[in-house]
Every structure is written in structure tokens, then in C-alpha cells.
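Overview (structure and organization)
Now for the letters of each chain:
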Amino acid sequence: MRRLLTMALLSASFRVLPSKAQAPGPIAAQTYQLSNGLTVVLAEHHTAQVVAVDVWYDVGSRNERPGHTGMAHLFEHLMFQGSAHVGKGEHARLVERAGGEESGQTEDDITRFHETLPSNQLNLGLWLEADRMRSLAITDTTFGEQREAVKEERRLGLDNQAYTGAFLDGLYAVYDSATCFGYAHTIVGSMADLDLAGTAEAADFFRRYYAPSNARLVVVGDFDTVEAKRLIAAYFGDIPRGEVPAPIVCASDSAPGTRRKAVTDRLAALPAIARYYRIPGHDQADTPALELLSIILGQGQDSRLARRLGHEARVTVSAQSGIFTTRRGPQVFGVFAVASRGVTADSLDALLAAEIARAAGEGATEAELTRARNIHRASVVTDRQRAYDIAESLQHAATFHGSIEAVNTGLGRYESVTVEDLRRVAQRYLSAENVLVLTVLPGGTS
Amino acid sequence: MSRVLRLAVLAGCVASGAPLSAQEYPATAPGPTPLTPANLPPLQEAMLANGLRLILIESHEQPLLSLVLTLPAGTVYDPAGKEGVAEMVAGLLTRGAGDRSADELNAAIENVGGSLSASTGPDFLTIQADVLSTEAALAFELVGDVTLRPAFALGELEVLRRQATADLQNELSEPAAVGARVLALGLYGTHPYGRRATPQGISAIARTDLLSFHAAHVRPGGSLLVIAGDLTLPRAKQLAESTFGKWAGTAPAPLFPKPPVHTRTETILVHRPGAPRSIILIGNLTFTSTDTTYLATLVASHLLAGGKDSRLARSLGHQHRWADNPESSITRPRGEGAFEVSADVPTEATDSALHEILLQRRRIGTEPVPAPELEAARNALAGSFPLGIQTVSQLAAAVAEARALGLPATDLRMYRSRLSAVSALQVVKAARRSLRADSNLIVVVGDGSRIYAALTHLGPVRLVSTEGNPLTPADLVVRKGPVDLDLSQLQPRTDSLIVLLQGRAAGTEVTKLEKTAMGYRYIDESRITGFVQQTTEIDLDARAAMRRVTQTGKMQGQDTRIELAYDDRRVTGSARVMSPQGPKAFAVDTLIPPGTLDDNAVQALLPAFRWSASARWELWVFSSGENRVEQMTLVVTGVGKVSVPAGEFECYQAELSGGTQRVAFYVTTAKPHRLVRIAIAGAPIEFVAAK
């Protein structure tokens, strides 16, 4: 160990990086509302002959109640199982025939559905979204099939990869289920809850959350705004408005002191550590500094964890950090690391804690801040090319920052972060009082 | 929620909200409207004095830049016997160049949020960099360094060689990949498009091979630098000139042998004993990259097996339930390309499915295509095209590929309108020419003992092993029994092996063979830190037949224990083992064929096998982890030098297949035979002799 640390010190020299900023090209978009409450955002973008149709419903796993978890995700599956004019499984087939792509995804706060199509098939994308919003078919058969599909997804996905299930479950153990149930259960939910759920509950879920007044339709790409408005009015205009869903309450209490949890993972060959810190909601002022700090700590091969703990000290085989779920309510800053062979979970955790303490003590250098800003800026700019990426940026701005205008002003919040901000947020949030430490050990049948 | 709605209303214009008239809502999916014309920026071109062509697609919409350098240094230029050199060169370019080590190069690009990569295809080697346009100078510097001043460091070469060998072994355990190799070789003969990397070729590559390949083929003459994004032509020229101006030379243009002319249909059956399904591949050579029938052929290929509405998806999938995803493809290298259709079908349906594919293939070239079907195919193909050219990175890559293939500058701009103009008659004519009905190469990978006879009813069949060696129908007869052992090779000895995980030492295996009153005892102690700790004792009688196996230890923290007694007909006992689903315990009482080996004993007895360069053994092996007898094949796949910590040895390389994992054993050619290396296909684990 002593030899490794010496090596780490010897190679710690670090080059100062260029620091030139250039604003990303602006996105021109307009937004309006249909009389039934559907919010529409249109952004013409004629670079490529494609359109993206992107619908976000303001519902996610956070809307679920105790005993009814997993419903938001199961419902996302049901949205592909047919509606009044679209047969079972036909949604994907129609998009494939047009040469397009489609997807659906459930998060904590929202559920998204999207099609990217050649621009001469804008009508198809709008019609497919309108048809399932107005007339989703929910039958005992499709409900039962999709419930099994969700279980299979869990078996083949999370339960079949070392660490993923344990790390993800840990994210939802940070907040107290008594005061913040919405963020204290996983998206995939409890299989026992799903087994008790039926079509009546699904129909109620649809009425409650899948109304136009609870959705935002974003269309980006090579279309004519007048024609798009005409089609949207024709396809979506007479879908009835829904009731306003109950507000979500998440009382993020003050730091409860260091908490520890240990689980076993039968697929894991090596011990691993996850450290989860409570941080505020996405729109809060400290988010940019925390995001840049997560890049400095654990994103990329030249991040601190990869360089110092991985490459130099060789105590981890992989290490990363990030804010893995975007929420309006309180979020989680996560640091994950898998130990190298021969390194115990306890010694890895002590080294991780020391790295994090270093961020709060010495802080970061200007060069590290520049690197993090560069990486963040490049990802923001890169996401302004594909129609779907632009649509997602607009949805994000409207949902998490309250206005589509934030798509053009958001980067400024990151450019003004200072090294002092980084140290301040590290001290404030990445403290021993504010952490849940999860130890993952090989073995068992978890 | 209400907050979001309120803000949206404040931010927005007035809703247009014309109320719906019921007649306006379509009851069926609305069809496509007319295509809008492509909106690609013009291509600006310049030529450097050294022959490097520069193409700029200028777009200032976002401050982004993508550089694609295309060099005529593809796999066709691999020296014979060293297939894999071009891929190895591409892999090493970004692992250290100029005054940067691999890590420093990675940091330089990562720290500006960019990416840098190199890859190779049949004709071309491609280097691509993506950055914010403020980093234009850095992008040119890095592309210049990796192109002109790669380090080809020995350490990086060995890391890449290990990865490439493991990837290749993984590939060779996939029946579809084995079939694709046999098809390419059959179609192209001695033309280099038919060659593929081999483990022997990869192990033979030395640093000097990389240096001479780089010196000969990485040259500006005939190379192409495509830049897309936020840069002007004068600045692009200036950066290209300062980066590449002093570079000189033109890569040699060797004459390749012409691919063979196929005048009749041939069938090759790749025998894979015990395979539950068959892979069918049918291919023929087509045309060079600039052929004007490409788009009509693409439509024909889509009608046959592109997507879920295709003719084969309907007949093989919906109608017969044989195959879910038949596929067709047209490879389009610079030289002669190929058309290929493939399906993965149950063994018992192999001949019927093959017959159906040939029938559907012939129909496309003989019967008129119904108008709705033609339109659907054109729509799907034209529709997906613009999705692939939305970013500067995609645009640069698409322009570079089109230009490297010798296509006109208008190719991307005109692609959709030309595709939409393809007529039914053009499709039939193109299919008749390029989806040949009379001179195909058919490759079937499957269990020959179950499908050979049926395939011979469709025409003559050539039989080969998965290694490509010729077989006769007699080889298909399952002949398993006691292996004829050379007992003089079973002498008391102790061997130490080091366990390497991803190339790093992770444990040891010590084996010991003793003579006993009854016959022989073999003891194996394996330790992989934190993972496996296991002791195996095997008793053999005087003929080295199985008598008793005891294994105790821990795997992933779980106790494991196996106790088995063998007689000539039966194995009995109990086992508690680890499986991917967790620990499992079961009683064993299984009838076995005479001569069955315990899977733990194979390694012990290998030195007593009668080795030769063409040796092949069919074995019955009892796998205690699976609690079943498996048919396995051990085949010598090559002879060559193997370097391990214990020294360099000339070895037989033999592959054991038929179990859950393919395992390669390396046994010295010199007697007494000694096992010096074990590698598990598809897993980063190997065992090497320590002393």
C-alpha cells in the first residue's frame, strides 16, 4: 500500500486546461395551451428532415401510494398495448414502417413517450400519441401480460447485473418512507403490490394522470407551425380535461446522522460501497455546483476517484459519482465504488470518505472546475442537434425549471460556479451527518 | 403541477385550439405527406499539396466540430498470415501518440468534453474526433498525433492482443459468426475480403508489423479529411495544412486477385455436434460500391427480410413459427460486395426453412412486386435515412463514407428522392441480378448428424468442422467411448499454474499426480482470492478409469462439496455447487456410458491422450455442476509456440466444446506432455504454467 500511495503522489501533476466558453446556439420555441389543458411546445428546426414528438405526463413513481407501487411503470408498458384505433403491438409496427424510432420511460417525477419520425410523418406521431391519450385499451389480458413483462424485465435487467439492483434500491432508502413515500420506493416497485393490482386500478390511474391537463406535448423538427397546430387541435382538442392530481408531499427532514446499511449480492465477486447524500431539488441554487462537483469526483477516467483511487492506488476497479435522478423534490448525490481484489469494504469506504472530505477541505482546483464545466457544456451543446434531444431539453426546462426559456439560460448557472461554491456545497451536503452508506458484499441470495 | 401550467400559459402564445370536428379525427393511421427536400449544407472542397483531400460541411448552428479522417488502410491490406494487423493498428493509434501516453491522450480529449476514436473496415481505417468548436486546434493536434506519431507501445500492444484474442474466441463460439466466416471465405476465395482475423494471426503480430503497416498505408495521397460543423474553409485549410502539411506519400494500391465466379449453388454444412438449432446463411457476390442498381437491390433486400412486414418474417415467423428475425443485408465495400440472408431455425425445420428462403428469394426476382408492398418498403427505407444524419458527427461520417466509396457528392442529398423513385420493374431486375437464384453459396451451421441427409435432397453438400476442416459423412456418426490413453505419460508430478483475471494474477492452481495401490490419485488445489478456494481429489484405477471424486471448498463465500463414486455404468453421490442462480444441492444417481470422464478429471488425463496435429476425440463427460452427462468434442486446432511464465513451449492447441463453456487447452508437443495454458472462451480468465 505504501508503494502505491507514493506512486499516486508522484503522478499527481495536472495540466491547466484551456478555458474558453462559447454560448450554445439558441433554441427558438413557442408554447401554448389547448382548452382542455394540454400544454404544447413547438420548435421548428429544419436541419434534418425529422420530427420528434415527445409527451411527458406529470406522473412518476413519486405519485404512487403505499401498497400500490410499480403502477406508474406498469402503466408505461400498457401505453404500447393498443387503443381505440391502434391494435395491440401495432404502435411499434407503425413507427417501424415509417422508418422511425419510439420509446417510453418512467422516472420518479415524470413518464415520457416519444417518436422520432421522418418529417413527412408528423401526422402519424401526433395521432399515435393522441389515440392512446384519448382511448387507451386496458384489458385483463394485456394487464396480466404486462405485469409478467415487468417481472421479467426486473429478472433479466436489475436482478441479473452485479451491483445495479443493490445500488438502485439504495437510492430509494435515503429518504424516510413515513414522511416522503414518493421517493422512498423504487420505480419498478413491489412485485407483491403488482400482484394485487388489477385493471380497475389501472383505469383509475389513467383517468387520474393521463389526462391532457396533466401532460405536455413537445414537437421539434422539420415541420410547419401552422400545420402542426391544426393537426394538434384536430387530434387532441376534444380529449376531456382531467382533475388536478393531489400534490406530492416530501418532507425532507434535517440530516439524521450517518446511517449504514449492508446487503449481499449473489452476482457480485467483490465488495462495493455506495454513499448517498441528501441534496435539494433540481431547481435549487446549489444544483449546478453539485453537478460539477460530481463530474470532478467521479465522471470520466480523469476524475478524482478514477485517477486517485483507481489508476494510482488501485483500490477500486470502478468508481463514479452523480445525481442519478432528476426530481422537483429532494434529490440524492451518489458515490459508487467497487473494491479491487484484496481490498475490504471498510477500507474502501474509509478511502472514499477521505476523498469526499478532501473536496470539502482542500476543495477543487480551477483546472478541475474548468474540466467539469467543459464536460457539462459539451454535453449540453451536443444535445442541441437531434430533434429528440432538443425536445427533451425543452421538457426538462419546463418541468424542472418552470419555463421553456430556461433551455437558453440554464448554462449560465454553471458558468458562474466558483471553486469556493464547490467547497461550500461539499461542506454543506457531503457531510458525515448527511450520508447513508451502503455496503454490498458478495454472496447470499438477495 | 398547477405552477407548471400557470407558467406555461404565461410563457405561451394564445392557443390556436380550433375545436375538433369528428370527421377530422382519422380512424386509421395517417399516411405520409410528400417528402420535404433535403437541407444539407453544400460540400466545400480543397486539396492539400500532399494529396490529402479536405471536405468541409460548414454549419454554425451549434459550436461543434467533427473531424473524420479516412485512410486506405483497411483489413484488406493485412499481410497474409497476420490477419488482424489493421485492426490492431487502429486500436493502438489512440493508446499513446505524440508526447502523450494512452492515459494523457484520454485525459486531453475527455477534459474538453470531446471524444476521439479509431476503427477499421475492409477498405478504410477511420479516425474521428468530436469537440466543441472552441477546441478546433486541439482536435487537429490530437488527430494529427494519432495519425502521424502513434507510439505503438509494447505494453499497450499486449493489452490489446489479449483483448482481441478474447473477443475473437468469444466470436468463434457463436454459431452465427462461424457461419459468416465460412460464407465470406467461400464467396471471396483468395480475395482478401474473405479473410478474417484468427487467433494464430493475432498471436503472430509483432510491433514491427504495425510500424511497417503504418508506414506503408497511413499516407495522405488518396486519404480524405471530412470536417462538419462550426469552422470556415480558410481556417479549416490552415489547421489541416499546419497539422498534415509535412506528411507525404501515397499508399500502394496492390492488385487483389479477382473473387471467384460462382456458377452454381453450393452448400456447406458446418457440423456442430449437439446444436439445438441451425443457422442458415445464403449469400452471393453482387457489385462494386458505385453500381447504379444499389438502391433497387436495397429495396429487394428489404422486401425479402427487412423488418417485421417482410416476406420471410411473415412466412418463417408468423406462418411457420420457425424464426423470429430473419435478416438480409447488402455489404457495400469499395470492391465487390455481397448479398446475404440469414435465419436461425430449429434443427428439425432446417431443410424446410432453407427451401422456403430459396423460394421467397427466387420470387422477388421473378414476380412483379405489388404496388402497396413496394411503397411500404420505400417509405421505411427513405424514412429512416434522415434519422441517421442529425448531428455534425453523423453527417461527417456519412459524407466521408459516401466519398470514400466513390459516390457522387450529391449522394446524400438525392438519397431519399432516388429511393422513392425506384420502380417495381427495377426491383425485379436488380433482384434477378443480385439476389441470385442459381449460384448461391448456402452455409448451414448445425448438428450434421440430424440434418445432413435432409440437406442432400436439396443438392450436394460439403461437410466441414467448425474449424473449417473437411469432414466425411462417417465423421457425423456419434462415436464415443473410452479414450485410448497412453498410461506411460501418467507419471507422478506436481504442476503450479497462475490464475490470470483480465491479465492480472488473481490466484493459483497446484496439481499433483500420485501413484496409489489402486491406480492413481490426482489432487488439485485452486485458490482465486476472494472468489474460489477448492480442493479436488480424484481416484483412478490402474487403467485410469474413474473411481471416486471428492471436492470441497468455498465459492463466492458459499461452501461447496461434491462426493461422487463411479463404476463403469453409474455415478452416484451428492453435490452442493454454485450456479448463476445461487447455491444448489442435489443427489446424483445417473447412468453413464462406459468411459465417461468426470469434468474435473479431463485436465488430469490430458497428458495421456494420444496427441497429434489432427487429433480429435469425442468424449462423454459427467458435469457435476449440471448433474448430467454431456457429449463433448476435443479437437486440436493448431500447433504453435506458447509463452507462459514457465517458459516458451511448442504446444498443441486443443478446444473442448459441447459443455457450457468452450475451453482451450495448450499441451506441449514434447513428451512427457504437459498442460501449460488453459483459456476459457468469452471469459477474461486463463491459467498459465508458473514453473
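Counting starts from 1 at the beginning of each chain's written sequence and moves along it residue by residue. Whichever chain is written first is A, and whichever ligand is written first is 1; the rest continue in order. Local features in a predicted model are, by the rule used here, given only for residues with pLDDT of at least 70; side-chain atom pairs are given and counted only at 80 or more, and totals for whole chains, interfaces and linings are based on all residues.

1. Thoughts on the sheet that holds strand β8 (residues 272-279) of chain A
Residues and elements named next belong to chain A. Here a strand pair is declared whenever DSSP counts at least two bridges between the two strands. Secondary structure counts use DSSP, requiring at least four H or I residues in a row for a helix and at least two E residues in a row for a strand, with both numbered from the N terminus. With mixed pairing, the 5 strands of this open sheet are ordered in space as β7-β11-β8-β10-β9. Looking at strand neighbours, the two that pair on one side only are β7 (259-265) and β9 (316-322), the edges of this open sheet. Strand-to-strand twist in this sheet, taken as the mean axis angle between neighbours without regard to direction, amounts to 15°. Where β8 lies against strand β10 (residues 331-339), 8 bridges are found, and the strand directions are antiparallel. Working convention: axes come from line fits to C-alpha atoms, limited for helices to the stretch in contact. Angles between N-to-C directions cover 0 to 180 degrees.

2. Concerning the packing of helix α10 (residues 294-305) of chain B against helix α12 (residues 350-366) of chain B
Residue and element names in this part refer to chain B. Taken N-terminus to C-terminus, the directions of α10 and α12 make an angle of 140°; their axes are 10 Å apart at the nearest point. It follows that α10 is oblique to α12 by the angle criterion. At the point where α10 passes α12, the crossing takes the right-handed sense. For the pair α10 and α12, the contacting residues are Ala300, Leu303 and Leu304 in the first and Gln360, Arg361 and Ile364 in the second. Residue classes follow a fixed rule: Ala, Val, Leu, Ile, Met, Phe, Trp, Tyr, Cys and Pro count as nonpolar, while Asp, Glu, Lys and Arg count as charged, and any other residue, Gly among them, counts as polar. Across the contact of α10 with α12, the residue classes break down as 4 nonpolar, 1 polar and 1 charged. The labels follow the angle: roughly parallel below 35 degrees, roughly antiparallel above 145, roughly perpendicular from 65 to 115, and oblique for the rest. It is the rotation of the near helix from the far one that decides the hand of a crossing: anticlockwise by less than a right angle makes it left-handed, clockwise makes it right-handed. We call two residues in contact when their backbone-placed C-beta atoms lie within 7 Å.

3. As for helix α16 (residues 424-434) of chain B
Residue and element names in this part refer to chain B. For α16, every residue scored as buried is listed here: Val427, Ala430, Ala431 and Ser434. Buried positions in α16, seen along its axis, are confined to an arc of 100° and lie on one side of it. Here the buried face of α16 lies against α10, β10 (338-346), α12 and α13 (371-384). Three exposure classes are used, all based on how many other C-beta atoms lie within 10 Å of a residue's own C-beta (placed from the backbone): buried at 20 or more, exposed at 12 or fewer, and partly exposed between those limits. The directions considered for the arc run from the helix axis to the C-beta atoms.

4. Some thoughts on the environment of Tyr210(A)
Residues and elements named next belong to chain A. Along the polypeptide, Tyr210 turns up in the loop between α8 (199-209) and β6 (215-221). Residues Tyr210 and Thr69 lie 141 residues apart in sequence; the distance between their C-alpha atoms is 17 Å. If sequence neighbours within four positions are ignored, Tyr210 has contacts with Tyr57, Met133 and Leu136.

5. Focus on the pairing of strand β1 (residues 30-33) of chain A
Residues and elements named next belong to chain A. As defined by bridge partners, β1 adjoins strand β2 (residues 39-44) across 4 bridges and the pair is classed as antiparallel. Pairing of Thr31 across the sheet is with Val41, part of β2. Connecting the antiparallel pair β1 and β2 is a turn made up of 5 residues, with Gly37 showing a positive phi of about 95°.

6. Some thoughts on unusual backbone geometry
Residue and element names in this part refer to chain B. With an omega dihedral of -5°, the bond running from Lys671 to Pro672 counts as a cis peptide bond. Its location among the elements puts Pro672 in the loop between β25 (663-668) and β26 (675-680). Although it is not a glycine, Phe152 adopts a positive phi angle of roughly 45°. Looking at the secondary structure, you find Phe152 in the loop between α4 (136-148) and α5 (154-172).

Purely geometric stuff here, so don't read any function into it on its own.
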